[in-house]
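Coordinates in review
As a plain string of letters, each chain reads:
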Amino acid sequence: MSHKPKTIFGTTEKSNFILNMKKDTVARLVCLVLCAVPLLPLIFEAVTTVGKSYYFFLSVGLYIVGFASILFYLISLLRADVRLKQNNAFPVAVFLVIWAFASYYVNFLNPYEGLESAARPMGLFTPLLGEFGRYEGFLSILAYLGIFFLASVVTSEKTINKIFDCILIAGGVNAVFALLQHIPALNFPNTYKDLPTYAYKNVFISSGLTDSPIFFGGLLTLVGGVALGGCVFGNFSARRQLLYGLAGLLFFTVGLFTSSITPLIGFGAILVILFVISLIISIKGNKTPLKIWGILTILILVIFGIVLLAQGLWIRDVYIARYDGYYLKMIVGANSSADMRSLYEAAWGDSIELIKEYPFFGVGPDSFAAVQNMKTLTFDKSYNDFLFIAVTRGLPSLIAYIVLLVISFIKNIKSMNSNINKPQFVIFAVIFTAALAYIIQSFFNASAVTVAPIFWLILGLSFCKLKRE
C-alpha cells in the first residue's frame, strides 16, 4: 500500500512540504527557533540601548521568535509529532491566553478614561501592544506562550544543551556589556550613568541590554541558574564545566553593579536551591556536586567582599524605577522626592487597591500605567509579577499562572527523581534551579520583554520528554 502524503484542507502535497519533511529536519528547525529565543532579541535590544531611543525594537525580537514558535508548534501538532495530552499544563496555558484576550477585549470595549487621551495610544493599542517602552500587551503574552509550547516538544538532550549554551551566550553578551557600562573611563553607552531626577551623578549603574537594572537582575538570575547549575551537576567535559562556573561567577559580579536588590535575591535563591539538591544527592552517595557547590559559594562570597570593600554596594530600586518610568519613558506622572515610601510599599499598595476595584478582568494587559496616571502617579509596574498579573489581567489569570507553575515544578521534581543516577539529571536540575530562582526574585521584580522569553523557554523545557539518543 502506497504512503499517502499529509496535506492540509485537501491541498496538494507540494503546498504541504513542511508536513512531509523528515522528523529530524523538523527537529533541527525547532532547535534553531528555540536557540534564537535568547539570541535574536539581543540585536534589537542593542539598537535601543545604544541609540537610547527606538523603544519599540525591544519587542520586535520577541514577536519574531514568539510567533515562529507558534507556527512550528502547530506544524508539530499537524504532523502528530506531539500530542496535546502529553503536556498536562496545556489547558492551563491556553486559559492564560484566552483570559488575556478577554481582558484586552473587555477593556477595549469600555476603556478607562485617560486611555484615549491625546498623550497616549487609544484604548485599542495599549492592551494589545503594551505600554510605551514596555510592550507586554496581549501580543507579547501570546508570544510567551508560543515559546513555552514549542519548548515542551523537545526530545533531544543535545538540543537542550545547545539551548543552554545559547542562553549563556546571551547572558555573556549582556554581562560584558554591563561590565563596560560600569567603567567610567570608557564612556560606554549607559542610560543609567546618572539618575538626574534624584541628583545622582556618575553612578554608572549597569543594565546590560535589558533596558533596566532591575530587569537585568531577573536576566542574571536565569542565566546564573543555568551556569551555576550546569557547573555543579554537569556531566560535561572538565573544560565546559569550568566555563559554566566562570560564567556564573561573572553573572554574579555584574549583578553587584545594578544597584538593585533583585540579583542578590536571585543568586541567594540559586545557592539555596543548589545546596538542597546537592545535599540530597550526597545522601544518595554522590558528594561531588556538594563539593563544587562549596567552592562556588566561597568564590561568590569572596567576590562580594571585594566589591563591597572596593566600591561599596547601594540599593537604589526606587530611584531607578522612578527615573525609568517618568524621565525615560514618560508613562507615569512626576514623582516627588519627598515621597519616602519604598518602591514595594508604593507599587504593591497601589496594585492591591486596583485589584480590589477590578478583580475579574483587571485593567487590561500592560495598562497599569494608564490607570495609575488618573490616580496616585507612582509606577507603571507592580514590581511583583504576581500582583502585576492580577492587576492587569485579573485574579483568574493569577490563579492559572500559579497552577501552571505548580504543575511545572512537580513535573520537574519527578523528572529529577527518575533520572537521579542518569546523565539527563543535570538538565532537569538546571531547569528547576533557574526557573524557581527566577520566580522567587520575581516577587520583587517585573516581567519584561527583554527577559521573560528566556523564562518561558526554560519553563517549557520542564515538560520535554527525552528520548534515548
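This text goes with the structure placed above it.
These figures come from a predicted structure and were not determined experimentally.

**Describing the nonpolar core**
Counting 141 residues, the largest nonpolar core has F148, F164, Y383, F455 and W456 as the members making the most contacts within it. The residues touching W456, leaving out its near neighbours within four places in the chain, are Y144, L145, I147, F148, Y401 and L404.

**Observations concerning the packing of helix α2 (residues 57-78) against helix α5 (residues 138-151)**
Interhelical geometry of α2 versus α5 gives an angle of 50 degrees and a closest axis separation of 7 Å. It follows that α2 is oblique to α5 by the angle criterion. Here the hand of the crossing between α2 and α5 comes out left-handed. Residues L62, Y63, V65, G66, F67, S69, I70, F72 and Y73 of α2 touch α5, and the partners they reach there are L139, S140, L142, A143, Y144, G146, I147, F149 and L150. Classifying every residue of the contact of α2 with α5 by side-chain character gives 14 nonpolar, four polar and no charged.

**Describing the packing of aromatic side chains**
In the structure shown here, the tally under the stated rule is 38 aromatic pairs. Here Y144 and W456 contribute two aromatic rings whose centre-to-centre distance is 6.4 Å and whose plane-to-plane angle is 15 degrees, an arrangement assigned as stacked. Here W456 lies in helix α17 (residues 452-461) and Y144 lies in helix α5, a separation of 312 residues in the sequence. Judged by relative accessible area, Y144 falls into the buried class, the value being 4%. Classification of W456 as buried rests on a relative accessible area of 8%. We note R316 situated over the ring of Y200; from NZ or CZ to the ring centre the distance is 5.0 Å.

**Describing a nonpolar patch on the surface**
Taken together, the side chains of V272, F275, V276, L279, I280 and I283 make up a nonpolar region of the molecular surface, amounting to roughly 530 Å² of accessible area. Relative to the helices and strands, I283 is located in helix α9 (residues 262-283).

**Concerning the environment of T210**
Along the polypeptide, T210 turns up in the loop between α6 (157-181) and α7 (213-233). Judged by its relative accessible area of 0%, T210 falls in the buried class.

**A look at the pattern of salt bridges**
For the structure on display, the rule yields nine salt bridges. Here D324 makes a salt bridge to K329, at a shortest N to O gap of 2.5 Å. Taking relative accessible area as the criterion, D324 reaches 0% and is therefore assigned buried. The partner of E353 in a salt bridge is K356, with the nearest N and O atoms 3.7 Å apart.

**A closer look at the packing of helix α1 (residues 23-51) against α6**
Running from N to C, α1 and α6 point in directions that differ by 15 degrees, and their axes come no closer than 7 Å. When the axes of α1 and α6 are compared, the pair comes out roughly parallel. Note on packing geometry: the crossing formed by α1 with α6 is left-handed. Judged by residue contacts, C31, L34, C35, P38, L39, L42, T49 and V50 of α1 engage T159, K162, I163, C166, I167, I169, A170, V173, N174, F177 and Q181 from α6.

**Side note on empty space enclosed by the protein**
To locate leftover empty space, one rolls a probe as large as a water molecule over the atoms. Counted under the stated rule, the structure contains seven cavities of 30 Å³ or more. The calculated volume of the largest cavity comes to roughly 190 Å³. Along its surface, the largest cavity is lined by 18 residues, and Y144, I389, R393, S447 and W456 are the ones closest to its centre. Mapped by element, the contributors of at least two residues to the lining of the largest cavity are α5, α14 (385-393) and α17. When residues of the lining of the largest cavity are assigned to their parent elements, the largest contribution, five residues, is made by α14. Residues that form the lining of the largest cavity fall into these classes: 12 nonpolar, two polar and four charged. Around the second largest cavity sit V37, P38, P41, L42, E45, A170, N174, L219, T450, P453 and I454, which together line it. Of all elements in the fold, only α1, α6 and α17 reach the threshold of two or more residues within the lining of the second largest cavity.

What counts as what
Residues numbered from 1 in each chain as written. Predicted model: local features only at pLDDT ≥ 70, side-chain atom pairs only at ≥ 80, totals over all residues. Heavy atoms only, no water. Core = buried A, V, L, I, M, F, W, Y, C linked by side-chain atoms within 4.5 Å. Buried < 20%, exposed > 50% of the residue type's maximum accessible area, 1.4 Å probe, protein only. Contact = heavy atoms within 4.5 Å. Axes fitted to C-alpha atoms, helices over the stretch in contact; angles between N-to-C directions. Helix = DSSP H or I, 4+ residues; strand = E, 2+ residues; numbered from the N terminus. Parallel < 35°, antiparallel > 145°, perpendicular 65-115°, else oblique. Left-handed = near helix turned anticlockwise from the far one by under 90°. Nonpolar A, V, L, I, M, F, W, Y, C, P; charged D, E, K, R; others polar. Phe/Tyr/Trp six-rings, centres within 6.5 Å; stacked < 30°, edge-to-face > 60°. Lys NZ or Arg CZ within 6 Å of the ring centre and 35° of its normal. Patch = residues over 30% accessible without salt bridge, like charges linked within 9 Å, V, L, I, M, F, W, Y side chains within 5 Å. Areas by Shrake-Rupley, 256 points an atom, 1.4 Å probe, with all protein chains shown as cover. Salt bridge = Lys/Arg side-chain N within 4 Å of Asp/Glu carboxyl O. 1 Å grid on protein atoms, 1.4 Å probe; cavity = no way out; pocket = protein on both sides within 12 Å on 5 of 7 lines; lining within 4 Å. Points joined across faces, edges and corners; volume = space filled by probe spheres on them.

Such coordinate-based values are descriptive only and should not be taken to indicate function.
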